[in-house]
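Coordinate inspection notes
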Amino acid sequence: VNDITIDTTGNNGDVTLGDVGGVNQLTVDAGTGAVTFNGGDIANLAVTDAANVNFDEDFNTDGQINVTSTAAITVADGSHVTAEDTLTFSGGSVDVDGSVTGHSVAVTGATTLDGTINGNDGAVTLNSAVTVDGNSTVSSDNGNVTFLDAVEGGFELTADAPTGTVTFISTV
């Protein structure tokens, strides 16, 4: 079985996928359409373009997760998005209400956090402003945690890097 590509850029249609599984890479390009994942366990995931990307249920890869959205990336409350390798979210905004875990994690886009972001063995880098809208944790088991922009919000934020450093570049 070969890697699979879903491309709806011609009509900018939405893509909704049920519980997907397999040992290959899935690439999705929805143009200005939305992409919704209702579960999955695959080798690698790449979303190269979409207006919105929603993880409504648990989604796991044995490799990388790379998501690019022109608008929003959302991890629903109670959902766990896990990559055994790197996890990269890059969007206009990123809303994590569940948990996000990768070997290393990089998040770019105005981030709203009411959940957990964890790097198993590598760095966790939040490249944009973070609004904490519920008690949250950002951690790296064996790397650094870095916030490159302002962090605000009226809830508890636990930032932990037992074998590395936690760095806030801007205001907290």
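To be clear, the structure that these remarks concern was listed above.
Nothing here was measured: the structure is a model prediction, and the numbers come from that model.

This next bit is on the overall build of the protein. Scanning the protein from N- to C-terminus turns up zero helices and 23 strands. Residues classed as buried in the protein amount to 47% of the 172 residues present. Carbon and sulfur atoms provide 44% of the accessible area of the protein, an area that totals close to 7300 Å².

Taken as a whole and assessed by the stated rule, the structure comprises five aromatic pairs. Measuring from ring centre to ring centre gives 5.2 Å for F37 and F55, while their planes differ by 20°; the resulting arrangement is stacked. Taken as a pair, F37 in strand β5 (residues 34-37) and F55 in strand β8 (residues 52-55) lie far apart in primary sequence, 18 residues in all. Comparing F37 with F55 shows no difference in burial state: the two are buried. Between the aromatic rings of F55 and F89, the centroid separation amounts to 5.9 Å while the plane-to-plane angle is 20°, which identifies the pairing as stacked. With F55 in strand β8 and F89 in strand β13 (residues 87-96), this pair connects stretches of sequence that are 34 residues apart. Side by side, F55 and F89 carry an identical accessibility label, which is buried.

To continue, consider the environment of F89. What makes F89 buried here is its relative accessible area of 1%. Through-space distance from the C-alpha of F89 to that of T101 is 11 Å; in sequence the pair is 12 residues apart. Sequence-distant contacts of F89, defined by excluding residues within four places in its chain, comprise F55, I65, V67, I73, V75, V81, V94, V100, A106, V107 and T108.

With that out of the way, let us pick up the sheet that holds strand β19 (residues 136-140). Strand order in the open sheet formed by eight strands is β3-β6-β9-β12-β14-β16-β19-β22, and the pairing between neighbours is parallel. Two strands bound the open sheet, and with one partner strand each, they are β3 (20-21) and β22 (157-160). When strand β6 (residues 40-42) meets strand β9 (residues 59-61), the two strands line up parallel, connected through three bridges. Bridge pairing in β9 links G40 to F59.

Glancing now at the environment of N52. Structurally, the position occupied by N52 is in strand β8. N52 sits 22 residues away from T74 along the chain, and the two C-alpha atoms are 7.8 Å apart. Here N52 is in contact with G33, A34, V35, S69, A71 and A72, once residues within four sequence places are set aside. Within polar-contact distance, the side chain of N52 engages the backbone nitrogen of A72 at 3.4 Å.

Further remarks concern a negative patch on the surface. Where like charges cluster on the molecular surface, the negative patch consists of D19, D41, D56, E57, D58, D62, E84 and D85. Within the fold, D19 resides in the loop between β2 (15-17) and β3.

A cluster of nonpolar residues, V166, F168 and V172, forms a patch on the protein surface that exposes about 260 Å² of accessible area. Topologically, V172 is positioned in the segment after β23 (166-168). The exposure class of V172 is exposed, given its relative accessible area of 71%.

Counting residues in hydrophobic clusters, the biggest one holds 39 residues, and the most contacted among them are F37, L45, V53, F55, I65, F89 and I117. For this core, the element with the highest residue contribution is β13, accounting for four residues. Contacts of V53, omitting those with residues within four sequence positions, involve V35, F37, V47, V67, S69, A72, I73 and T74.

Let's shift gears to the side chain of T36. Along the chain, T36 falls in strand β5. Contacts of T36, omitting those with residues within four sequence positions, involve V15, T16, L17, N54 and D56.

Let's shift gears to the side chain of T111. With respect to the secondary-structure elements, T111 resides in strand β15 (residues 105-113). Taking the relative accessible area as the measure of exposure, T111 reaches 2% and is therefore buried. If near-sequence neighbours (up to four positions away) are discounted, T111 is found in contact with V94, L126, A129, V130 and T131.

Reading the values: the criteria
Residues numbered from 1 in each chain as written. Predicted model: local features only at pLDDT ≥ 70, side-chain atom pairs only at ≥ 80, totals over all residues. Heavy atoms only, no water. Helix = DSSP H or I, 4+ residues; strand = E, 2+ residues; numbered from the N terminus. Buried < 20%, exposed > 50% of the residue type's maximum accessible area, 1.4 Å probe, protein only. Areas by Shrake-Rupley, 256 points an atom, 1.4 Å probe, with all protein chains shown as cover. Phe/Tyr/Trp six-rings, centres within 6.5 Å; stacked < 30°, edge-to-face > 60°. Contact = heavy atoms within 4.5 Å. Pairing = 2+ DSSP bridges. Polar contact = N/O pair within 3.5 Å; in protein donor to acceptor, adjacent residues only side chain to side chain. Patch = residues over 30% accessible without salt bridge, like charges linked within 9 Å, V, L, I, M, F, W, Y side chains within 5 Å. Salt bridge = Lys/Arg side-chain N within 4 Å of Asp/Glu carboxyl O. Lys, Arg positive; Asp, Glu negative; His and termini not counted. Charge placed at Lys NZ, Arg CZ, Asp CG, Glu CD. Core = buried A, V, L, I, M, F, W, Y, C linked by side-chain atoms within 4.5 Å.

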